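# Inside the fold
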Amino acid sequence: MKSLLILIACGVIWGSQYIFNAAALAEVDALWIAASRSTIGAIFLIVVCRLLKLERSPGNWPLIALIGLLEATVPFLLVAWGQQTTPPAFAAVITGTNPLITLLLAPLVLAGTRMTTKAVVCSLIGFGGLLYLFWPQLQQQGLTEFAGSFAILVAAASFALSLLLVKRLEHLHPIVLARDVIAVSALQLLPMALIWGTVPVEMPSLTSVGSVLYLGVFCGGLVYVLFMTLIMDKGPTFASFSNYLVPTVGVLLSMLVADVALDNRIFISLLIIIGSIYLYQLDFSFNSKSAKSTANGLGEFQEEK
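This is a predicted model, so every value here is computed, not measured.

### Here we look at the pattern of salt bridges
Summed over all chains, the structure comprises two salt bridges. A salt bridge links D180 to R56; the nearest nitrogen and oxygen atoms lie 2.5 Å apart. Remark: R56 occurs in the loop between α2 (30–51) and α3 (61–82) and D180 occurs in helix α8 (residues 174–196); sequence separation between them is 124 residues. Here D180 makes a salt bridge to R179, at a shortest N to O gap of 3.0 Å. Here the two residues D180 and R179 agree in accessibility, since each one is buried.

### Section: the packing of α8 against helix α9 (residues 206–234)
Put simply, α8 and α9 touch, their axes get as near as 9 Å, and they point 150° apart. Here α8 is positioned roughly antiparallel relative to α9, judged by the angle of their axes. In this structure, the crossing between α8 and α9 has a hand that is right-handed. Residues P174, I175, A178 and I182 of α8 lie in contact with α9, whose contacting residues are G220, Y224, V225, M228 and M232. Taken together, the residues of the contact of α8 with α9 sort by class into eight nonpolar, one polar and no charged.

### Observations concerning helix α5 (residues 98–109)
Residues three or four positions apart in an α-helix share a direction because the helix packs 3.6 residues into each turn. For α5, which comprises 12 residues, the first-to-last C-alpha distance of 16 Å matches the rise-based estimate of 16 Å (1.5 Å per residue) to within 8%. Along α5, the residues classified as buried are N98, P99, L100, I101, T102, L103, A106 and V109.

### A look at a nonpolar patch on the surface
Taken together, the side chains of M1, L4, L5, I8 and V12 define a hydrophobic patch exposed on the protein surface, amounting to about 490 Å² of accessible area. Looking at the secondary structure, you find L4 in helix α1 (residues 2–25). L4 sits in the partly exposed class, given a relative accessible area of 41%.

### Observations regarding the packing of aromatic side chains
By the definition in use, this model includes six aromatic pairs. Plain terms: the ring middles of F20 and Y214 are 3.9 Å apart, the flat faces sit at 20° to each other, and that makes the pair stacked. Here F20, found in helix α1, pairs with Y214, found in helix α9; they are 194 residues apart in sequence, far enough to count as distant. By relative accessible area, which is 23% here, F20 ends up partly exposed. Given the relative accessible area of 16%, Y214 is considered buried. Three or more aromatic residues joined by ring pairs form one cluster here, namely W14, Y224 and F227. R56 extends its terminal NZ or CZ atom over the ring of W61, reaching a point 4.5 Å from the ring centre. The cationic tip of R265 hangs over the ring face of Y132; the distance from NZ or CZ to the ring centre is 4.2 Å.

### Some words on the side chain of S16
Relative to the helices and strands, S16 is located in helix α1. Taking relative accessible area as the criterion, S16 reaches 3% and is therefore assigned buried. Within the structure, S16 has its side chain in polar contact with the backbone oxygen of I13 (distance 2.7 Å). Engagement of the side chain of S16 in a polar contact is seen with the side chain of Y214, the distance being 2.7 Å. Setting aside its immediate chain neighbours within four residues, S16 contacts Y214, C219, V249 and L253.

What counts, and at which threshold
- Residues numbered from 1 in each chain as written.
- Predicted model: local features only at pLDDT ≥ 70, side-chain atom pairs only at ≥ 80, totals over all residues.
- Heavy atoms only, no water.
- Salt bridge = Lys/Arg side-chain N within 4 Å of Asp/Glu carboxyl O.
- Helix = DSSP H or I, 4+ residues; strand = E, 2+ residues; numbered from the N terminus.
- Buried < 20%, exposed > 50% of the residue type's maximum accessible area, 1.4 Å probe, protein only.
- Axes fitted to C-alpha atoms, helices over the stretch in contact; angles between N-to-C directions.
- Parallel < 35°, antiparallel > 145°, perpendicular 65-115°, else oblique.
- Left-handed = near helix turned anticlockwise from the far one by under 90°.
- Contact = heavy atoms within 4.5 Å.
- Nonpolar A, V, L, I, M, F, W, Y, C, P; charged D, E, K, R; others polar.
- Expected span 1.5 Å × (residues − 1).
- Patch = residues over 30% accessible without salt bridge, like charges linked within 9 Å, V, L, I, M, F, W, Y side chains within 5 Å.
- Areas by Shrake-Rupley, 256 points an atom, 1.4 Å probe, with all protein chains shown as cover.
- Phe/Tyr/Trp six-rings, centres within 6.5 Å; stacked < 30°, edge-to-face > 60°.
- Lys NZ or Arg CZ within 6 Å of the ring centre and 35° of its normal.
- Polar contact = N/O pair within 3.5 Å; in protein donor to acceptor, adjacent residues only side chain to side chain.

This is the structure in structure tokens:
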């Protein structure tokens, strides 16, 4: 029961980021939202590591810097920027393709892996669901109107690539690794925000400030502690079920917050994408042990702990 509650908490926290991004964007620049999320998250994880007396072995900083860029800096920034023109429910569905992107990238990044017919078919089905979602707008507006949505898709691809690279740091404690990755991301984003970010002329409202704090403490800090605990207790396969919860929670929360009925196309697209992920996970097809775990989405922090 405890593990199930943690899994649900992870899905709710990550799935809620879209509505809080949307709320913060009303008054806060996207760059500052991303930088604040990383900075607050890093502080939270540093405190947790101190309390748990967790230390790390020296070295690996170039790879950690790259992972921080791909896993936090790029996604935090592009998702916030993309949501300026993309509704939260659409953003949740787009990022739901993350496990499918991981399947496509694994053979290119991990030695000893190969792409199977099943992986290709499942990925095509999932992306078909995404195309189904946007087809009416594509017919009416054209590709130029979808810069924000494309940015969120790039963010999902960046996150997927980082999960594969994390396999090279399995010897590090997962919470320590999460702390280092988010801290590096903060060091990357803060200078960008100071140079190119726009500071609000007036003090943002409590809603915007509270949204930024939530994104930092919960979506940049606490969720990593919960997720890593889940991996260590139940393994990455169980933890990977959050892939079903995150986009689902994102869509449902968007519907509740907006207090309006969402287009049925959103739910159909979501079902297609989740169904394609489930279809693949019925039978892992990669030959190598490491590639098998990459199909589990964010569970890549550790394969076995």
